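Residue strings, one per chain:
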Amino acid sequence: MELSYQEKLTLIKLQGLKRTELNELVERTGLDQVAVMRAVLGLQSKGLAKLHEISERVAVLTETGERYAKIGLPERRALKVLKEKGKATLDDLSRVLSEDELKPIVGLLRREGWAKVGKEDGKLILKITEKGLNAKERPIDRALEILVEKKSVPLGEIEKLVPVKELKRRKIAKEDTVIERIVEITPTGEGLVKKGIELKGRISILTPELIKSGKWREIEFRRFNIRAPVRRIQPGKKQPYRAFLDKLRRKLIEMGFIEMSSESLIETQFWNFDALFQPQNHPARDWTDTYRLNYPKSGYLPERKLVENVKAAHEHGGGSGSRGWGYVWSPERAMLLMPRAHGTALDARQLAKGVEIPGKYFTIQRVFRPDVLDRTHLIEFNQVDGFVVGEDLTFRHLLGILKRFAVEIAGAKKVKFLPDYYPFTEPSVQMSAYHPELGWVEFGGAGIFREEMTKALGIDRLAMFKLGIDDIRYLFSYDLKWLREARIVW
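Residues numbered from 1 in each chain as written. Predicted model: local features only at pLDDT ≥ 70, side-chain atom pairs only at ≥ 80, totals over all residues. Heavy atoms only, no water.

1. Re the overall build of the protein
Moving on, step 1. Along the backbone of the protein there are 23 helices and 15 strands.
Moving on, step 2. Considered along the principal axes of its C-alpha atoms, the protein spans approximately 100 × 95 × 45 Å.
Moving on, step 3. Counting only residues that meet the buried cut, the protein has 41% of its 490 residues in that class.
Moving on, step 4. Accessible surface computed for the protein: about 29,000 Å², of which carbon and sulfur atoms make up 51%.
Moving on, step 5. When the 87 basic and 69 acidic side-chain charges of the protein are each reduced to a single mean position, those positions are 4 Å apart. (Helix = DSSP H or I, 4+ residues; strand = E, 2+ residues; numbered from the N terminus. Buried < 20%, exposed > 50% of the residue type's maximum accessible area, 1.4 Å probe, protein only. Areas by Shrake-Rupley, 256 points an atom, 1.4 Å probe, with all protein chains shown as cover. Lys, Arg positive; Asp, Glu negative; His and termini not counted. Charge placed at Lys NZ, Arg CZ, Asp CG, Glu CD.)

This is the structure we're talking about:
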């Protein structure tokens, strides 16, 4: 059986002690704690020693507790002032108490029965009582003495005097876990020591000097056990969903898309609905389908010409050739503020600013919709949105782009298209992708922008596919196991 120098030394010292604390072994061997711990684990894996770990919850003295031990608890210092004066105002007590200590002092003194509260000249007065004059040691005073003496005390012992939650509330002590490590030699280990162990060191690093001098031929090298148990390290990493969004953004940019961004989550109904040719009496604009801001309620409309074009498109079709929606459009309704309900609002803003032809644009935006929380629905989520501009594009080009997006970016194996309806596109299509756990999941909607909109202007389910989850709520989960193990494969 091959042992390292540290293992041999530890085993020899342990043989004389039979069973001892790890700290005692550190002292006997002269090695640092990490080296002794590593040696003990190595001996345990070889059946020569056993390591017993006993954990215990304890109360540990805090810095505040140490300060109280030196200058006295706040109620004791306040009582000293009362004994000297017989009565005192809060101003008198503020000379010996901090602002935080002064706030609860009246309640503390009354609870102990050390003072009575009254008023003189409109000021609150504390008068010492008979019990205050003859105040004796209390359980909390004794608990503080024990904590000062031992620094940490088992919860069971301290609870006999005063509840730990009371000590924590007053910041005198805090809870902690201490682990006592006991090392014990096994019969096999004792037998090996009795046979005799040569305490000879081994080299673990081959240096250039050893090679040049030729001494490496005379030296015994330490063998490494690559299967020895080690502590698992959990390094910091980017939140899986955040990492997914960053990779999605990079993928779209690699595909030639230009990102549209917005600094605000709040939008006017003009950009969220009206600029997208959605009528003001549409059911989706009802408060049950979208959120509204209570304060401030209204924002500002863009330049007058653009507003007039949108108004005309709604009322009679404007210059698009259609009859519009045939109602009187309200600028006051369009000015109402709301959390953005969909990323398409940024499409409208970009079209109004102007676009390159040909060109491809996208945005990843946080959006908000009233909904019932379940494994496929959230009330606050991220949505990827975009559009492609070109003079010779057809509906078949759109379907091809959507399929490429679903397969290459989402990793979907099966995709299907269904006819759909949106106020701002015609024709419109819904794309669904097959999820191994949920079956067919609606993946997104698309279509060709209507002329009523273009003439006037000028996601999260995706992450479910890439992260292999069947509950959308996991995207914002604090589950450490999932955060550590989640992987994205592109």
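Next, the rest of the story.
2. Notes on the sheet that holds strand β11 (residues 359-368)
Moving on, step 1. Within the open sheet, the three strands sit side by side as β8-β11-β12. Their pairing is mixed. Unpaired on one side and paired on the other, β8 (258-259) and β12 (380-389) mark the two borders of the sheet.
Moving on, step 2. Note that β11 and β12 share 10 bridges and pair antiparallel. Opposite Y361, over in β12, you have F387 as the bridge partner. (Pairing = 2+ DSSP bridges.)

3. A closer look at the packing of helix α1 (residues 5-17) against helix α3 (residues 33-45)
Moving on, step 1. At a minimum axis separation of 9 Å, α1 and α3 run at an interaxial angle of 85 degrees. Compared by their axis directions, α1 and α3 come out roughly perpendicular. Contacts between α1 and α3 involve Q6, E7, T10 and L11 from the former and A39, V40, G42 and L43 from the latter.
Moving on, step 2. Each residue belonging to the contact of α1 with α3 can be placed in one class, and the counts come to four nonpolar, three polar and one charged. (Axes fitted to C-alpha atoms, helices over the stretch in contact; angles between N-to-C directions. Parallel < 35°, antiparallel > 145°, perpendicular 65-115°, else oblique. Contact = heavy atoms within 4.5 Å. Nonpolar A, V, L, I, M, F, W, Y, C, P; charged D, E, K, R; others polar.)

4. A few points about α3
Moving on, step 1. Taking 1.5 Å per residue, 13 residues should reach 18 Å; α3 reaches 18 Å between its end C-alpha atoms and fits that length.
Moving on, step 2. Buried residues in α3 make contact with α1, α2 (22-29), β2 (49-61) and β7 (173-185).
Moving on, step 3. Measuring from the side-chain oxygen of the N-cap residue of α3 to the backbone nitrogen of V34 gives 3.1 Å; that N-cap residue is D32.
Moving on, step 4. Phi for G47, located one or two positions after α3, is positive at around 80 degrees. (Expected span 1.5 Å × (residues − 1). Polar contact = N/O pair within 3.5 Å; in protein donor to acceptor, adjacent residues only side chain to side chain.)

5. Re the pattern of salt bridges
Two side chains of opposite charge can pair, provided their charged atoms sit close to one another.
Moving on, step 1. For the structure shown, the criterion picks out 32 salt bridges.
Moving on, step 2. Ionic pairing is found between E7 and K46, a salt bridge with its closest N-O pair at 3.2 Å. Placement of the pair is E7 in helix α1 and K46 in the loop between α3 and β2, with a sequence separation of 39 residues.
Moving on, step 3. On the basis of relative accessibility, which here comes to 28%, the residue K46 falls in the partly exposed class.
Moving on, step 4. A salt bridge links R142 to E145; the shortest N-O distance between them is 3.0 Å. Residue R142 and its partner E145 are located together in helix α10 (residues 139-150), separated by three residues, close to a single helical turn.
Moving on, step 5. Residue class for R142 comes out partly exposed when judged on its relative accessible area of 35%. (Salt bridge = Lys/Arg side-chain N within 4 Å of Asp/Glu carboxyl O.)

6. Focus: the sheet that holds strand β3 (residues 87-89)
Moving on, step 1. Here we have three strands laid out as an open sheet, ordered β3-β5-β4, and antiparallel in their pairing. Single-partner strands in this sheet number two, and they are β3 and β4 (115-120). For this sheet the average axis-to-axis angle between neighbouring strands, irrespective of direction, equals 30 degrees.
Moving on, step 2. With respect to the sheet, helix α8 (residues 105-112) is in contact with β4 and β5 (123-128), its orientation differing from that of β4 by roughly 130 degrees.

7. Quick word on the nonpolar core
Moving on, step 1. In terms of nonpolar packing, the biggest core is built from 23 residues, with F270, W271, W329, F387 and M453 touching the most fellow members.
Moving on, step 2. Among the secondary structure elements, those contributing two or more residues to this core are α16 (269-272), α17 (304-316), α19 (344-353), β12 and α21 (451-457).
Moving on, step 3. The dominant element in this core, judged by the number of residues it contributes, is α17, at four residues.
Moving on, step 4. When sequence neighbours within four positions are dropped, the list of residues in contact with W329 reads F270, D274, Q280, V307, K311, H314, E315 and A334.
Moving on, step 5. Within the second largest apolar cluster, 21 residues are counted, among which are L3, L25, L43 and I185. (Core = buried A, V, L, I, M, F, W, Y, C linked by side-chain atoms within 4.5 Å.)

8. Let's talk about the environment of K251
Moving on, step 1. Within the secondary structure layout, K251 lies in helix α15 (residues 240-254).
Moving on, step 2. For K251, a relative accessible area of 28% translates into the label partly exposed.
Moving on, step 3. Spatially, the C-alpha atom of K251 lies 9.7 Å from that of F405, the residues being 154 residues apart in sequence.

9. Topic: α15
Moving on, step 1. Compared with the 21 Å implied by 1.5 Å per residue over 15 residues, the 21 Å span of α15 between its first and last C-alpha is a close match.
Moving on, step 2. What α15 keeps buried is the set P240, Y241, A243, F244, L245, L248 and L252.
Moving on, step 3. Trailing α15 by a residue or two, G256 shows a phi angle of about 95 degrees, which is positive.

10. Here's the deal with a nonpolar patch on the surface
Moving on, step 1. Nonpolar side chains collect at one region of the surface, where L206, I211, W216 and F221 lie side by side and expose about 370 Å² of accessible area between them.
Moving on, step 2. Looking at the element boundaries, W216 is found in the loop between α14 (208-213) and α15. (Patch = residues over 30% accessible without salt bridge, like charges linked within 9 Å, V, L, I, M, F, W, Y side chains within 5 Å.)

11. Side note on the pairing of strand β15 (residues 439-449)
Moving on, step 1. Sheet topology places strand β14 (residues 425-435) next to β15; nine bridges connect them, and they run antiparallel. Residue pairing across strands places M431 opposite G444, the latter belonging to β15.
Moving on, step 2. With antiparallel pairing between neighbouring strands as the criterion, β14 and β15 make up a hairpin whose turn holds three residues.

12. Points about the packing of aromatic side chains
Moving on, step 1. Applying the stated rule across the entire model yields eight aromatic pairs.
Moving on, step 2. A ring pair is formed by Y241 and F244, whose centres lie 6.2 Å apart and whose planes are at 10 degrees; its orientation type is stacked. Placement of both Y241 and F244 in helix α15 is noted, with a separation of three residues, approximately one turn of the helix. Per residue, the accessibility class of Y241 equals that of F244, and both read buried.
Moving on, step 3. Ring centres of F277 and W325 lie 4.9 Å apart, and the angle between their planes is 25 degrees; on these two criteria the pair is classed as stacked. On the criterion of sequence distance, the pair formed by F277 in the loop between α16 and α17 and W325 in the loop between α17 and α18 (331-334) is long-range, its members being 48 residues apart.
Moving on, step 4. Classification of F277 by relative accessible area gives buried; the value is 2%.
Moving on, step 5. Residue placement shows K414 over the ring face of Y434; its charged tip is 4.9 Å from the ring centre.
Moving on, step 6. Across the ring face of W440, the terminal group of K416 is positioned such that the distance to the ring centre comes to 4.5 Å. (Phe/Tyr/Trp six-rings, centres within 6.5 Å; stacked < 30°, edge-to-face > 60°. Lys NZ or Arg CZ within 6 Å of the ring centre and 35° of its normal.)

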